[in-house]
Amino acid sequence: MLQQAYAALPEQLATIVQRYKQGMSVGCKPTVALIKYMESSGATVQQLQQQLAPLIAAEQAFSYTGSLSGCTAEASTSTGVLAAPGQGLPGMQSADQQGLAAPAAQHAEMSGLAPLQQQLKKKHPQQIQPLQQQPQQPMHDQQQQPCIARLLSNIELVQETLSGMNQWDGFKQVAWGNLEMWYSHDTVNQRQLVKARTVLDEPIVHAVCLAREFDLVPSWNPAILDSRELKAYSPSELLIYILSWCPWPLPCGEVLNYALGVDLLDTKDRCVLLATNTPSEEQLQSIAVPQHPRTLRMIMHAGGFKFIPLPPDPAKPNVQRMEAIVLMSMDAKKFVIPDTIISFLLKIFAPLVYKSVMKVLGSIFHQKNGRVSAGGEVPKHSALLDRLESRPEYGALHRHCCKYIESLV
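Criteria and thresholds
- Residues numbered from 1 in each chain as written.
- Predicted model: local features only at pLDDT ≥ 70, side-chain atom pairs only at ≥ 80, totals over all residues.
- Heavy atoms only, no water.
- Helix = DSSP H or I, 4+ residues; strand = E, 2+ residues; numbered from the N terminus.
- Buried < 20%, exposed > 50% of the residue type's maximum accessible area, 1.4 Å probe, protein only.
- Areas by Shrake-Rupley, 256 points an atom, 1.4 Å probe, with all protein chains shown as cover.
- Core = buried A, V, L, I, M, F, W, Y, C linked by side-chain atoms within 4.5 Å.
- Contact = heavy atoms within 4.5 Å.
- Polar contact = N/O pair within 3.5 Å; in protein donor to acceptor, adjacent residues only side chain to side chain.
- Expected span 1.5 Å × (residues − 1).
- Bend = angle between axes of the 7 residues up to and from the residue.
- Pairing = 2+ DSSP bridges.
- Phe/Tyr/Trp six-rings, centres within 6.5 Å; stacked < 30°, edge-to-face > 60°.
- Lys NZ or Arg CZ within 6 Å of the ring centre and 35° of its normal.
- Salt bridge = Lys/Arg side-chain N within 4 Å of Asp/Glu carboxyl O.
- Axes fitted to C-alpha atoms, helices over the stretch in contact; angles between N-to-C directions.
- Parallel < 35°, antiparallel > 145°, perpendicular 65-115°, else oblique.
- Left-handed = near helix turned anticlockwise from the far one by under 90°.
- Nonpolar A, V, L, I, M, F, W, Y, C, P; charged D, E, K, R; others polar.
- pLDDT = per-residue confidence, 0-100.

### Comments concerning the overall build of the chain
The helix and strand inventory of the chain stands at 13 helices and 10 strands. Per-residue burial over the chain gives 54% buried out of 409 residues. A total accessible area of about 18,700 Å² is found for the chain, and carbon and sulfur atoms account for 54% of it.

As structure tokens, this is what we get:
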């Protein structure tokens with residue numbers, strides 16, 4: 001039956017799916033391969049779903065009998081983080097399993113955020129204290145079996161995220177300068193959307209590392225109270241948890257996202273994309289979700305980070321540059337954040353987070369190049385730098401970006 005299903009597929013599509021199912025194509029590679037196939041053949045996601053329906057049905061039949069794990073109904077609304085082309089990370093482990101340091105106070109001090117974090121702790125001890133008592137939950141140390149249904153849902157997530165980033169109807173610009181921001185309250189689809197754009201004199205791999213290492217986010221972003229990886233479907237598909245601070249009397253925003261990372265530099269979109277959205281209830285059935293007081297679970301639609309390589313500035317020919325675009329799409333069917341709160345967060349916290357990102361990029365990732373941090377001293381240890389150096393996919397991504405930038409000159 002399976003042989004007949006593969007034989008009925010176009011040769012290129014059959015090869016992509018077979019390599020994926022056999023574990024020969026891992027990380028973001030199968031998603032990128034399918035996107036490139038769709039670009040060359042003109043096929044749509046709906047057409048792929050029809051062509052692959054027999055294989056998906058076989059997957060589900062195997063999963064029901066226990067012969068194949070990790071490929072149940074959870075794949076129906078999945079979304080994913082980055083493994084660069086050609087670099088799989090079978091059995092990706094958590095920071096604790098790799099012996100890497102957890103976020104430390106020295107990172108906050110280095111980035112100049114310690115005063116604000118201490119102020120938040122004094123004003124809201126009931127929100128901060130429980131986080132110190134809960135140990136980081138380890139990620140699953142084994143990848144889930146390849147799942148065609150989840151792979152197709154990844155394609156849908158990529159398309160929806162890129163489409164949302166290119167949609168400007170109804171947006172109003174609320175910030176200018178180095179960090180441009182736009183806001184839209186879509187009452188038709190009941191969504192609240194925020195977009196941001198900036199240009200950074202940094203390699204893309206640094207921004208990807210900063211966004212990808214979720215469990216380290218609280219060490220440099222004072223607005224994030226808790227952030228962790230709950231499950232790894234593959235090196236490029238993670239289930240993540242984020243708890244963000246909100247001013248009293250609002251509850252703290254709790255987000256559960258499925259995060260997907262793809263290197264699209266060889267496609268028509270010419271970018272590196274980190275796309276996220278809220279997973280289905282089926283995906284969360286076997287997940288131990290952190291419990292914190294006074295929280296509100298936010299439902300997120302397709303959004304994330306888009307990093308675009310730019311040609312070098314003639315004045316700084318050896319410095320890599322990129323355009324970074326951020327999209328956040330919040331569901332407003334059950335809970336609407338007041339526009340006044342949105343305005344406060346965009347005007348106060350967004351610039352603060354931007355400055356935090358710039359400090360981290362400028363001080364941590366350049367310490368071995370002899371660049372002095374804002375505080376005047378190069379930090380002796382950085383968990384982010386450890387991750388950047390220990391994960392081979394970051395090196396592969398950086399080499400691919402360098403090759404792409406050379407083609408722009």
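### Quick word on the nonpolar core
Ranked by size, the top nonpolar core spans 49 residues in total, and within it Met181, Leu210, Phe307, Phe365 and Leu384 carry the most contacts. With 8 residues, the single largest contributor to this core is helix H11 (residues 339-363). Discounting residues that sit within four places of it in the chain, Phe365 has contacts with His206, Cys209, Leu210, Val360, Leu384, Leu385 and Leu388.

### Brief notes about the side chain of Glu229
Counting through the fold element by element, Glu229 comes out in strand E4 (residues 224-234). Among the polar contacts listed, one links the side chain of Glu229 to the side chain of Arg212, at a separation of 2.9 Å.

### Quick look at H11
Residues that lie three or four places apart on an α-helix share one face, since the helix turns once every 3.6 residues. The end-to-end C-alpha distance of H11, which contains 25 residues, comes to 35 Å, matching closely the 36 Å that a straight helix rising 1.5 Å per residue would cover. Roughly 35° is the biggest bend found in H11, and it falls at Phe349, with proline Pro351 one to four residues downstream.

### Brief notes about the pairing of strand E2 (residues 180-186)
Counted residue by residue, E2 has 5 buried out of 7 residues, so it is predominantly covered. In the sheet, strand E1 (residues 172-175) pairs with E2 via 3 bridges, with the strands oriented antiparallel. By the bridge assignment, Lys172 is partnered in E2 with Tyr183. In sequence, E1 turns back onto E2 through a hairpin of 4 residues, with Gly177 there showing a positive phi of about 90°. Bridging between E2 and strand E3 (residues 191-200) involves 7 bridges; their strand directions are antiparallel. Counterpart to Trp182 in the pairing with E3 is Lys195. Between E2 and E3, which pair antiparallel one after the other, the connecting turn spans 4 residues, and Gln190 there sits at a positive phi close to 55°.

### Comments concerning the packing of aromatic side chains
Counted by the stated rule, this structure contains 4 aromatic pairs. Consider the rings of Trp168 and Phe171, whose centres lie 6.0 Å apart with planes at 65°: the pair is edge-to-face. Of the residues examined, Phe171 reaches a relative accessible area of 16% and is grouped as buried. On the numbers, 4.9 Å between centres and 70° between planes, the contact of Trp168 with Trp182 is edge-to-face. Taken together, the residues Trp168 in the loop between helix H9 (148-166) and E1 and Trp182 in strand E2 connect sequence positions 14 residues apart. Members of the aromatic cluster, connected to one another through ring pairs, are Trp168, Phe171 and Trp182. Sitting above the plane of the Trp168 ring, Lys195 keeps its charged end 3.8 Å from the centroid. For Lys195, the ring lying beneath its charged end belongs to Phe171, and the centroid distance is 4.5 Å.

### Re the pattern of salt bridges
Following the criterion strictly, the structure yields 14 salt bridges and no others. Between Glu180 and Arg197 there is a salt bridge; the shortest N-O distance is 2.9 Å. Taken together, the positions of Glu180 in strand E2 and Arg197 in strand E3 put the pair 17 residues apart, joining distant regions of the chain. Three or more residues are tied together by salt bridges with common partners; here these are Glu213, Asp215, Arg387 and Arg391.

### Focus on the packing of helix H2 (residues 11-21) against H9
Running from N to C, H2 and H9 cross one another at 120°; their axes reach a closest spacing of 11 Å. It follows that H2 is oblique to H9 by the angle criterion. Considering only the axes of H2 and H9, their crossing is right-handed. Along the contact surface, H2 presents Val17, Tyr20 and Lys21, while H9 presents Ile148, Arg150 and Leu151. Of the residues assigned to the contact of H2 with H9, the class counts are 4 nonpolar, no polar and 2 charged.

### Concerning unusual backbone geometry
Residues other than glycine seldom take positive phi values, yet Arg270 does so here, at roughly 50°. Tracing the chain through its elements places Arg270 in the loop between strand E6 (252-263) and strand E7 (272-277). With a phi close to 50°, Arg294 is a non-glycine residue in the positive phi region.

### With respect to the confidence of the model for the chain
Taken as a whole, the chain shows an average pLDDT of 79; of its residues, 77% reach a score of 70 or greater. Note on residues 66-117: pLDDT is under 50 here. Beyond four places in sequence and across chains, it has 163 contacts. Within the model, pLDDT remains below 50 along residues 123-142, and this stretch shows 52 contacts once partners closer than five positions in the same chain are excluded.

### Notes on helix H10 (residues 204-212)
Counted residue by residue, H10 has 9 buried out of 9 residues, so it is predominantly covered. If you check which residues of H10 are buried, you get Ile204, Val205, His206, Ala207, Val208, Cys209, Leu210, Ala211 and Arg212.

### Focus on the packing of H10 against helix H13 (residues 392-408)
With their axes 9 Å apart at the nearest point, H10 and H13 run at an angle of 145° to one another. Crossing of H10 over H13 shows right-handed handedness. Residues Ile204, Val205, Val208, Cys209 and Arg212 of H10 touch H13, and the partners they reach there are Tyr394, Leu397, His398 and Cys401. Across the contact of H10 with H13, the residue classes break down as 7 nonpolar, 1 polar and 1 charged.

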